[in-house]
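# Per-entry structural report
In case you want the letters, here they are:
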Amino acid sequence: MDKIIILDFGSQYTQLIARRIRELKVYSEIVPYNITISELKKSNPKALILSGGPRSVYEENAPLCSKEIFNLNIPILGICYGLQLIAHLLGGKVKPAEKREYGFAKLNIIDNKELLSGIRNETQIWMSHGDVVVSYPRGFIVSASTLNTPIAVIENRERKIYGVQFHPEVKHTIEGKKILSNFLFKISNLKAEWNLTSFLENIIEKIKNEVNNGKVICGLSGGVDSTVTALILRKAIGDNVYSIFIDNGLLRENEFQYLMRKFREKLHLKVIGVNASHIFLKNLKGVKSPERKRKIIGNLFIKIFKEEAKKIGNVEFFAQGTTYPDVIESRSVKGPSSVIKSHHNVGGLPPDLDWKLIEPLKELFKDEVREIGRKLGLDEEFINRHPFPGPGLAVRIIGEVTRKRVKILQRVDKILTEEIKKAGIYNKLWQAFPILLPIKSVGVMGDERTYKYVIALRVVESIDGMTASWYPMPHNLMQEISSRIVNEVKEVNRVVYDITNKPPATIEWE
Ligand code: XMP
């Protein structure tokens with residue numbers, strides 16, 4: 001199968017490039033920018049993409065790849081930092097822009113014969129850069145520009161080296177997919193043959209070979225990702241997978257009981273249920289820092305998995321439902337992206353555990369995981385469940401987590417979910433959840449002054465959680481939700497609505 005390799009220079013969008021390429025049915029892999037040329041050759045890619053990145057090519061210790069990549073005689077496309085790198089390595093010049101450019105811009109096409117074939121003369125693009133190419137290397141032409149960036153697209157058609165200053169992988173670049181498709185099919189002559197059925201077959205085969213007759217424990221969180229992981233493992237190794245579902249006291253109301261039944265009766269998974277809510281709440285006492293909370297919860301999960309594994313005996317592997325955005329956003333294991341949040345299920349296992357890690361979904365996006373779930377027989381209701389973070393309600397209770405606060409938030413969460421489902425919009429939303437704020441505000445109820453908690457509502461649309469837009473909820477629905485919350489949850493007297501996109505905000509508040 002034809003393969004394209006993306007060298008990761010640390011852009012938050014690197015995985016989006018991979019995703020768009022997969023949407024075009026070409027197999028893509030992301031590797032660190034400093035992969036050696038011999039490794040790269042071994043991997044035998046049919047084309048290369050150089051990602052964007054937060055650094056400047058002219059800075060000391062900037063991430064640079066070997067110039068040798070240009071002698072591989074395969075097509076290369078540089079995106080943003082990737083374009084600047086091509087210019088820098090081949091004798092052009094890159095400088096700080098007079099004005100940083102962030103957001104929408106209009107691209108004016110000068111020559112649309114190759115990379116920009118079929119693109120309108122003036123097309124909307126998404127820019128995010130602080131540097132610009134001020135002179136381009138010999139052998140190149142400039143095929144498009146914007147008002148602030150005269151050298152926005154360069155092409156060396158003889159050597160098949162291309163660079164774009166904007167981000168074709170981001171949806172805001174209206175014709176971005178067409179540009180990528182030109183690079184894949186017109187320029188690189190790749191075949192569109194990658195799909196999820198072959199992915200699933202390969203991964204099952206791979207797990208079978210790796211695990212052999214060994215025992216695997218699989219951490220279930222109640223979400224789609226870990227459930228799909230458990231189903232894949234069952235298919236690969238049958239009864240040698242032991243799924244473990246821990247009640248950390250930070251789940252939605254009645255979630256533990258509901259899911260245990262679902263796992264056992266509907267999905268026929270062998271599940272060990274562990275009630276550990278008191279341990280989690282005890283350890284979170286007095287803790288306010290989001291990162292501390294995440295770390296404490298992550299460590300407790302590991303501790304409990306360890307205890308359970310001891311009871312099972314001879315466990316060699318640990319499987320979890322890490323997906324691609326988890327990996328990238330937590331810390332780029334494949335490149336130099338900066339840390340946003342540490343996800344409890346990313347970052348490897350503590351060194352004292354000699355389990356080998358199995359993460360079959362590590363390269364997949366959420367909608368791809370859902371598609372695999374369908375192939376494995378998961379029902380639509382389960383597949384469409386909104387994502388729920390591993391640290392659960394702890395990262396939706398700002399400040400200290402107490403049992404009382406968890407109860408309040410669970411009740412509010414139930415009301416919000418009921419109303420969203422009743423309004424028929426649950427499936428079109430990525431997530432809809434409340435956040436309990438650590439402040440109280442004054443209100444008036446039945447002529448009495450009240451002083452109670454404030455709830456924020458976060459309702460967003462997204463394709464993969466990497467970017468998200470706040471949902472413009474109909475006012476009558478907002479009214480209904482707000483009234484029900486303050487009427488039915490007596491500890492709350494004010495509801496506010498979060499109207500921030502990601503970026504610049506994240507979806508969860510912590
Ligand atoms: P953020 O808040 O980073 O969230 O914009 C992106 C998506 O990831 C979910 N999320 C998590 N999922 N473990 C998980 O399994 C975690 O620690 C975690 N933190 C955030 C979040 O709900 C959103 O869908």
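A brief look at the structure comes next.

So, how was this worked out
Residues numbered from 1 in each chain as written. Predicted model: local features only at pLDDT ≥ 70, side-chain atom pairs only at ≥ 80, totals over all residues. Heavy atoms only, no water. Axes fitted to C-alpha atoms, helices over the stretch in contact; angles between N-to-C directions. Helix = DSSP H or I, 4+ residues; strand = E, 2+ residues; numbered from the N terminus. Parallel < 35°, antiparallel > 145°, perpendicular 65-115°, else oblique. Left-handed = near helix turned anticlockwise from the far one by under 90°. Contact = heavy atoms within 4.5 Å. Nonpolar A, V, L, I, M, F, W, Y, C, P; charged D, E, K, R; others polar. Disulfide = S-S within 2.5 Å. Pairing = 2+ DSSP bridges. Salt bridge = Lys/Arg side-chain N within 4 Å of Asp/Glu carboxyl O. Buried < 20%, exposed > 50% of the residue type's maximum accessible area, 1.4 Å probe, protein only.

### Side note on the packing of helix 6 (residues 224-237) against helix 11 (residues 366-375)
At their nearest, the axes of helix 6 and helix 11 sit 10 Å apart, and the two run at 45° to each other. The angle between the axes of helix 6 and helix 11 places the two elements in the oblique class. Two packed elements cross with a definite hand, and for helix 6 against helix 11 that hand is left-handed. Touching Val224, Asp225, Val228 and Ile232 of helix 6 are Lys366, Val369, Arg370, Ile372 and Gly373, all from helix 11. Considering only residue class, the contact of helix 6 with helix 11 consists of 5 nonpolar, 1 polar and 3 charged.

### Quick look at the state of the cysteines
Going through the model one piece at a time under the given rule, you end up with 0 disulfides. Cys80 provides the cysteine sulfur closest to Cys65, a residue in no disulfide bond, and the two sulfurs are 15 Å apart.

### Focus on the sheet that holds strand 11 (residues 241-247)
As summarised here, the arrangement of the 5 strands in space is 12-11-10-13-14, forming an open sheet in which the pairing is parallel. Both outer strands of the open sheet, strand 12 (271-275) and strand 14 (356-358), are each paired with one neighbouring strand and no more. Within the sheet, the average angular offset between the axes of one strand and its neighbour, ignoring direction, is 30°. Here strand 10 (residues 215-220) runs beside strand 13 (residues 315-319); their pairing, made up of 4 bridges, is parallel. Residue pairing in the sheet places Lys215 in a bridge with Val315 of strand 13.

### Section: the pattern of salt bridges
In this structure the tally under the stated criterion is 34 salt bridges. Its salt-bridge partner being Arg19, residue Glu23 comes within 3.1 Å of it at the nearest N-O pair. Taken together, the positions of Glu23 and Arg19, both in helix 1 (residues 14-23) and 4 residues apart, correspond to about one turn of that helix. A relative accessible area of 28% places Glu23 in the partly exposed class. By relative accessible area, Arg19 is classed as buried at 3%. Salt-bridge contacts for Lys113 lead to Asp111; the nearest nitrogen and oxygen are separated by 3.4 Å. Residue classification places Lys113 among the exposed positions, given a relative accessible area of 64%.

### Regarding unusual backbone geometry
Along the chain, Lys502 connects to Pro503 via a cis peptide bond; the corresponding omega equals -20°. If you trace the backbone, Pro503 turns up in the segment after strand 18 (492-497). The phi angle at Lys160 is positive, at roughly 55°, despite the residue not being glycine. Note that Lys160 resides in the loop between strand 8 (153-156) and strand 9 (161-164). In this structure Lys160 comes out as partly exposed when scored by relative accessible area, which is 31%.

### Observations concerning the sheet that holds strand 4 (residues 76-79)
An order of 2-1-3-4-9-8-7-5-6 is seen for the 9 strands of this open sheet, with the pairing classed as mixed. The open sheet has two edge strands, strand 2 (27-32) and strand 6 (122-135), and neither has a second partner. Neighbour to neighbour, the strand axes of the sheet diverge by 20° on average, direction disregarded. Bridge count for strand 1 (residues 3-8) against strand 3 (residues 47-50) is 4 bridges, and the pairing is parallel. Looking across to strand 3, one finds that Leu7 is bridged to Leu50.

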